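# Coordinates in review
The chain contents come next:
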Amino acid sequence: METSEQNIKSPAEQGIGAQDDNNNYSKNGGWITFPFIMGNLGGLSVAAGGWGANWIVFLITKFNIGSISATKINNVGFAFICLFPIVGAIIADSFAGNFIVIAISSMIALLGMTLLTLIVGIPSLMPIPCLNGSSSIIPCDSPSNGQYLILYTAMGLITMGIGGSRFTIATMGADQFEKNNHQASFFSWYFIVLYVGNAISYIVLVYLMDNISWELGFGICLAMTALGLISFLLGKNFYRFVKPKGSPFVSMARVVVAAIRNRKLSLSDRALTNTSGIIVHTKSPSKRFRLLNKACLVTQNEEQINSGSTKSWKLCTVEEVEDLKRVIKLIPLWSTGILLTTTIALFNGLSTIQALAMDREVGSIKIPAGTFLAFTLVTTAISIFIVDRYLLDMWQKLSGRSLSPLQKIGIGHIFNILGMVATAITEAKRLHLAQANPATSVVSMSALWLVPCLVIVGIGEAFHFPGQVALYYQEFPDSLKTTSTAMVSLLIGLGYYLSVVFTDFIDNTTGWLPNNINIGRVDCVYWLFVVIGVLNFGYYLVCAKLYEYQL
């Protein structure tokens, strides 16, 4: 069954604080919570982007750390940011709730940003700067153990705080609404704010750090983190709180164990249990993954069941079995996003390297190579707004049906493939000019030729990331709502890990990726991405065709 996703114009147009059909629900939640939640997301997005966009440069220029080591440290930090959303989601779903996790995570991020600002403001917390350009043969001072300790502590607090709140707040925001179309609209605005916040950091904060002072740049990150925390706490009296239902992972493990224990029993003529532990004969589990149905076969007498033995590892309810099945049937669809994010991760890194080898001057301004990724961020934010504001309504009128999450994800796959094709063609042109002028490391081709490629990939992200979050939130069991939105973060983390594996494999087997890309074949790498993207899209179509929406 496809969920209706009517076009939602904007929070203001939907009537902030409007009454809902459910009187209890209208007392809390709704669009009145939107500014408080988005204030937190926006503040932390700007702070996270400002910290992450220039972290490698900071480590190299201020801590005298080599480029390779700095890259490894940066990758470790990014891995933690992708890991902690899952940790935060498990804690929120199991016992703490979203509000507590977001508030504590924001406080931890604030502590990390405070420590980082102190590091750049107190000279003794950093090694003596290198004497670049001097005739001195004295090597740069390495950071002391104490300086490393303080640096890693700040980095750990920042990654833990940002990671713990980023996707948890997506679930809490969606929990404020009962209607699926309102939830879908919230997810669209969630990604708009996330991408705009990052884009501001890539453009403004990177410039301030490089050209004015690191103290000012990190100070703004600190201020934005504080504003985000204050905004979130101010909305406490308006939020709708969803009570945690206990650890869903323990429940799923119980189903597996119970099914194994009952594997020799027959599925016929057996009583089943529901949530309350009462024997029922009218409700049966679905036929999909039938072996799991044995977990809810009654093997004890009715008195034992009614006394609460359904919480044992021998007998589960029909609902618990069906919840596990819902997660299992989503895994193939979820897996199609791994290679998608892998190509995006590789594209982000290679496009920056391409920009370094191209003419980045626009008039009297020289655009930093890292800033080019802002074109993708801005495009994604604008595209999400256009899709949510106009395209969904147009699709509804033309087809008579709403654009489903699966269709959104599929469109994202197509745009991502087209982006790889465009980049391969652009790189082939750049490489031709480089081979014609081997004496120069920077070709005369303008780096603005990368912009159309970045725009196409950005449009794709506007479809597949919001589509995935909406699908997981809609289809995951109620007990796993927070974990469902964090699944996208796990995808991104796996994608970046695999991008390293792909890079090493390509470098060791083909020689397409030398340090000097002017003598390499980056265009062939992009064509390989195209092939991978097409095969992965075919796999996605099969998974989407076989998938049935939860009733």
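All of these numbers come straight from a predicted model, not from anything done at the bench. (Residues numbered from 1 in each chain as written. Predicted model: local features only at pLDDT ≥ 70, side-chain atom pairs only at ≥ 80, totals over all residues. Heavy atoms only, no water.)

For the rest of this paragraph, the subject is the overall build of the protein. Assigned secondary structure in the protein consists of 17 helices and four strands. Relative to its full complement of 551 residues, the protein shows a buried share of 53%. When contacts within the protein are restricted to residue pairs at least 6 apart in sequence, those whose partners lie at least 24 apart make up 81%. (Helix = DSSP H or I, 4+ residues; strand = E, 2+ residues; numbered from the N terminus. Buried < 20%, exposed > 50% of the residue type's maximum accessible area, 1.4 Å probe, protein only. Contact = heavy atoms within 4.5 Å.)

Moving on: the confidence of the model for the protein. Of all residues in the protein, 83% have pLDDT values of 70 or greater, and the mean over the chain is 79. When pLDDT is averaged over each helix and strand of the protein, the minimum, 42, is found for helix H11 (residues 302–306) and the maximum, 93, for helix H17 (residues 522–546). Residue range residues 300–310 is modelled with pLDDT below 50. Its contacts to residues more than four positions away, or to other chains, number 21 contacts. (pLDDT = per-residue confidence, 0-100.)

Right, let's talk about a nonpolar patch on the surface for a bit. Taken together, the side chains of Val196, Ile200, Ile203, Val204, Val378, Ile382, Phe385, Ile386 and Tyr390 present a nonpolar region at the surface, about 730 Å² in accessible area. Where the nonpolar patch is concerned, the elements lending two or more residues are helix H8 (180–211) and helix H13 (373–399). Counting residues per element, the nonpolar patch draws most heavily on H13, which supplies five residues. For Val204, the position within the fold is in helix H8. When its relative accessible area of 41% is taken as the criterion, Val204 is described as partly exposed. (Patch = residues over 30% accessible without salt bridge, like charges linked within 9 Å, V, L, I, M, F, W, Y side chains within 5 Å. Areas by Shrake-Rupley, 256 points an atom, 1.4 Å probe, with all protein chains shown as cover. Salt bridge = Lys/Arg side-chain N within 4 Å of Asp/Glu carboxyl O.)

This brings us to the side chain of Ser383. Its location among the elements puts Ser383 in helix H13. For Ser383, a relative accessible area of 12% gives the class buried. Dropping the residues within four chain positions of it, Ser383 is found in contact with Ile459 and Ala462.

Below, the discussion takes up the side chain of Thr376. Structurally, Thr376 can be placed in helix H13. When neighbours within four sequence positions are excluded, Thr376 is seen to be in contact with Leu454, Gly458 and Glu461.

This brings us to the nonpolar core. Grouped together as the largest cluster of nonpolar side chains are 95 residues, with contacts concentrated most on Phe186, Tyr190 and Leu333. Of all the elements, helix H12 (residues 318–356) adds the most residues to this core, at 13 residues. Those residues in contact with Leu333, other than ones at most four positions away along the chain, are Leu406, Leu471, Tyr472, Tyr540, Cys543, Ala544 and Tyr547. Core analysis: the second largest hydrophobic core is formed by 29 residues, Leu59, Phe63, Ala154 and Ile158 among them. (Core = buried A, V, L, I, M, F, W, Y, C linked by side-chain atoms within 4.5 Å.)

Before going further, it helps to examine the packing of helix H2 (residues 34–53) against helix H5 (residues 98–121). Direction vectors running N to C along H2 and H5 enclose 35°, while the axes themselves pass 12 Å from each other. The hand of the H2/H5 crossing is left-handed. Between H2, through Asn40, Leu44, Ala47, Ala48 and Trp51, and H5, the contact on the second element is made entirely by Ile102, Ser106, Met113 and Leu116. (Axes fitted to C-alpha atoms, helices over the stretch in contact; angles between N-to-C directions. Left-handed = near helix turned anticlockwise from the far one by under 90°.)

Residue position: Leu406 is located in helix H14 (residues 405–436). When its relative accessible area of 9% is taken as the criterion, Leu406 is described as buried. Those residues in contact with Leu406, other than ones at most four positions away along the chain, are Leu333, Leu471, Tyr540, Ala544, Tyr547 and Tyr549.

Enumeration over the complete set of coordinates arrives at 25 aromatic pairs. Look at Phe58 and Trp214: their rings are 5.3 Å apart centre to centre, the planes differ by 55°, and that puts the pair in the tilted class. Separated by 156 residues along the polypeptide, Phe58 in helix H3 (residues 55–62) and Trp214 in helix H9 (residues 214–234) bring together distant segments of the chain. We note that Phe58, like Trp214, is buried. Judged by centre distance (6.2 Å) and plane angle (65°), the ring pair of Tyr472 and Phe476 falls under edge-to-face. There is no split in this pair, since Tyr472 and Phe476 are both buried. Members of the aromatic cluster, joined through ring pairs, are Trp31, Phe34, Phe177, Phe186, Trp189 and Phe385. (Phe/Tyr/Trp six-rings, centres within 6.5 Å; stacked < 30°, edge-to-face > 60°.)

As a further point, take the packing of H12 against H17. Two elements in contact, H12 and H17, have axes separated by 9 Å at closest approach and are oriented at 160°. Between H12 and H17, the angle is such that the two are roughly antiparallel. The chirality of how H12 crosses H17 is left-handed. Residues Pro332, Leu333, Ser335, Thr336, Leu339, Leu340, Thr343, Leu346, Phe347, Leu350, Ser351 and Gln354 of H12 form the contact with H17, whose participating residues are Val522, Val525, Tyr526, Phe529, Ile532, Asn536, Tyr539, Tyr540, Cys543 and Ala544. Looking at the contact of H12 with H17 residue by residue, the classes come out as 16 nonpolar, six polar and no charged. (Parallel < 35°, antiparallel > 145°, perpendicular 65-115°, else oblique. Nonpolar A, V, L, I, M, F, W, Y, C, P; charged D, E, K, R; others polar.)

A full pass over the atoms with the stated rule returns five salt bridges. Across the salt bridge formed by Glu320 and Arg254, the nearest N and O atoms sit 2.9 Å from each other. Of this pair, Glu320 sits in helix H12 while Arg254 is found in helix H10 (residues 248–261), placing the two residues 66 residues apart along the sequence. Take Glu320 and Arg254: they sit in the same class, and that class is buried. Arg430 serves as the salt-bridge partner of Glu427, at 2.9 Å between the closest nitrogen and oxygen.

In this structure, Val455 sits in helix H15 (residues 451–475). Taking the C-alpha atoms as reference points, Val455 and Gly419, 36 residues apart in sequence, are found 8.0 Å from one another.

Our next topic: H12. Between its first and last C-alpha, H12 extends 58 Å over 39 residues, near the 57 Å set by a 1.5 Å rise per residue. At Ile331, H12 shows its largest kink, close to 35°, and the proline Pro332 lies no more than four residues downstream. Counting buried positions along H12 gives 28 out of 39 residues, so the element sits mostly inside the fold. (Expected span 1.5 Å × (residues − 1). Bend = angle between axes of the 7 residues up to and from the residue.)

The next subject is the environment of Leu528. Its location among the elements puts Leu528 in helix H17. For the pair Leu528 and Ala424, spaced 104 residues apart in sequence, the C-alpha to C-alpha distance is 9.5 Å.

Taking 1.5 Å per residue as the helical rise, H15 with its 25 residues ought to reach 36 Å, and the 36 Å between its terminal C-alpha atoms agrees with that figure. By the largest-angle criterion, Glu461 marks the main kink of H15, which is about 25°. With 21 of 25 residues buried, H15 lies mostly within the body of the structure.

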